[in-house]
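Chain residues, written in single-letter form:
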Amino acid sequence: MGKIKLKMSIISDFDNLEIETTGIISKNKIIYKENDVVVTILMDDNKIEMNRSTKDYSIELIFIKNSKSISRYKLFNKYINLETFTNKLVKSSNKIKLDYTLEGNRFSYVLDWRIYDNR
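Okay, so let's go over this structure. This one's a predicted model, so the numbers in the text were calculated from it and none came from an experiment. (Residues numbered from 1 in each chain as written. Predicted model: local features only at pLDDT ≥ 70, side-chain atom pairs only at ≥ 80, totals over all residues. Heavy atoms only, no water.)

1. Overview of the overall build of the chain
Now for step 1: A tally of helices and strands in the chain yields 0 helices and 10 strands.
Now for step 2: Seen in sequence order, the chain has helices and strands lined up from the N terminus as β-β-β-β-β-β-β-β-β-β.
Now for step 3: Along the three orthogonal principal directions, the C-alpha set of the chain runs to about 40 × 30 × 25 Å.
Now for step 4: Burial statistics for the chain: of 119 residues in total, 36% are counted as buried.
Now for step 5: For the chain, long-range pairs separated by at least 24 residues make up 29% of all intrachain contacts whose partners lie at least 6 apart in sequence.
Now for step 6: Accessible area for the chain stands at about 7,500 Å²; split by element, carbon and sulfur atoms hold 47% of it.
Now for step 7: Each charge class in the chain can be summarised by its mean position, and for the 21 positive and 16 negative side chains these summaries are 4 Å apart. (Helix = DSSP H or I, 4+ residues; strand = E, 2+ residues; numbered from the N terminus. Buried < 20%, exposed > 50% of the residue type's maximum accessible area, 1.4 Å probe, protein only. Contact = heavy atoms within 4.5 Å. Areas by Shrake-Rupley, 256 points an atom, 1.4 Å probe, with all protein chains shown as cover. Lys, Arg positive; Asp, Glu negative; His and termini not counted. Charge placed at Lys NZ, Arg CZ, Asp CG, Glu CD.)

2. So, the sheet that holds strand β4 (residues 37-43)
In sheet architecture, strand pairing relies on hydrogen bonds along the backbone and comes in two forms, parallel and antiparallel.
Now for step 1: A barrel is described by the order of its strands in space; here 10 strands give the closed sequence β1-β2-β3-β4-β5-β6-β7-β8-β9-β10, paired in antiparallel fashion. Averaged over all adjacent pairs, the angle separating strand axes in this sheet is 25°, with direction ignored.
Now for step 2: Bridge analysis of strand β6 (residues 57-64) against strand β7 (residues 68-75) gives 4 bridges, and the strand direction is antiparallel. Residue Glu-60 lies in a different strand from β7, and its bridge partner there is Arg-72. (Pairing = 2+ DSSP bridges. Axes fitted to C-alpha atoms, helices over the stretch in contact; angles between N-to-C directions.)

3. Let's talk about the pattern of salt bridges
Now for step 1: Throughout the structure, instances matching the rule amount to 8 salt bridges.
Now for step 2: For the salt bridge of Asp-112 with Lys-95, the shortest nitrogen-to-oxygen distance reads 4.0 Å. Linking Asp-112 in strand β10 (residues 105-117) with Lys-95 in strand β9 (residues 95-102), this pair joins segments that are 17 residues apart in sequence.
Now for step 3: The class for Asp-112 is partly exposed, based on a relative accessible area of 29%.
Now for step 4: Its relative accessible area of 36% is what places Lys-95 among the partly exposed residues.
Now for step 5: A salt bridge links Asp-99 to Lys-97, with the nearest nitrogen and oxygen atoms 3.5 Å apart. (Salt bridge = Lys/Arg side-chain N within 4 Å of Asp/Glu carboxyl O.)

4. Some remarks on the environment of Met-50
Now for step 1: Assignment of secondary structure puts Met-50 in strand β5 (residues 47-53).
Now for step 2: Taking the C-alpha atoms as reference points, Met-50 and Ile-62, 12 residues apart in sequence, are found 6.5 Å from one another.
Now for step 3: Leave out the neighbours within four places in its chain, and Met-50 touches Val-39, Thr-40, Ile-41, Ile-59, Glu-60, Leu-61, Phe-63, Leu-98 and Tyr-109.

These figures come from the coordinates and say nothing about function on their own.
Now the structure itself:
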């Protein structure tokens with residue numbers, strides 16, 4: 001696993017967030033913290049899974065290019081299924097770009113990173 005510096009931005013119909021932080025990366029997994037939210041990203045060729053969790057809730061988002069998927073929101077041990085449609089999924093060696101619709105709300109997510117410690 002290597003340490004990374006990353007920049008994340010998410011733009012939606014109702015919110016804009018941009019952070020710069022550190023995280024860790026392995027072959028197909030990135031983990032970082034957004035304030036009190038732990039974000040874990042699993043990357044496959046045509047699919048990205050993102051888990052965002054706090055002590056109160058978690059949301060498991062599934063992104064498959066040009067496809068609908070069902071994401072799951074867990075709050076107080078109850079699960080709610082959320083319809084997700086991925087409009088754009090672009091992945092390179094140091095960047096992820098997602099444009100998606102979650103329950104009718106549009107989001108644009110960009111994650112850029114660079115390795116700064118490969119120990």
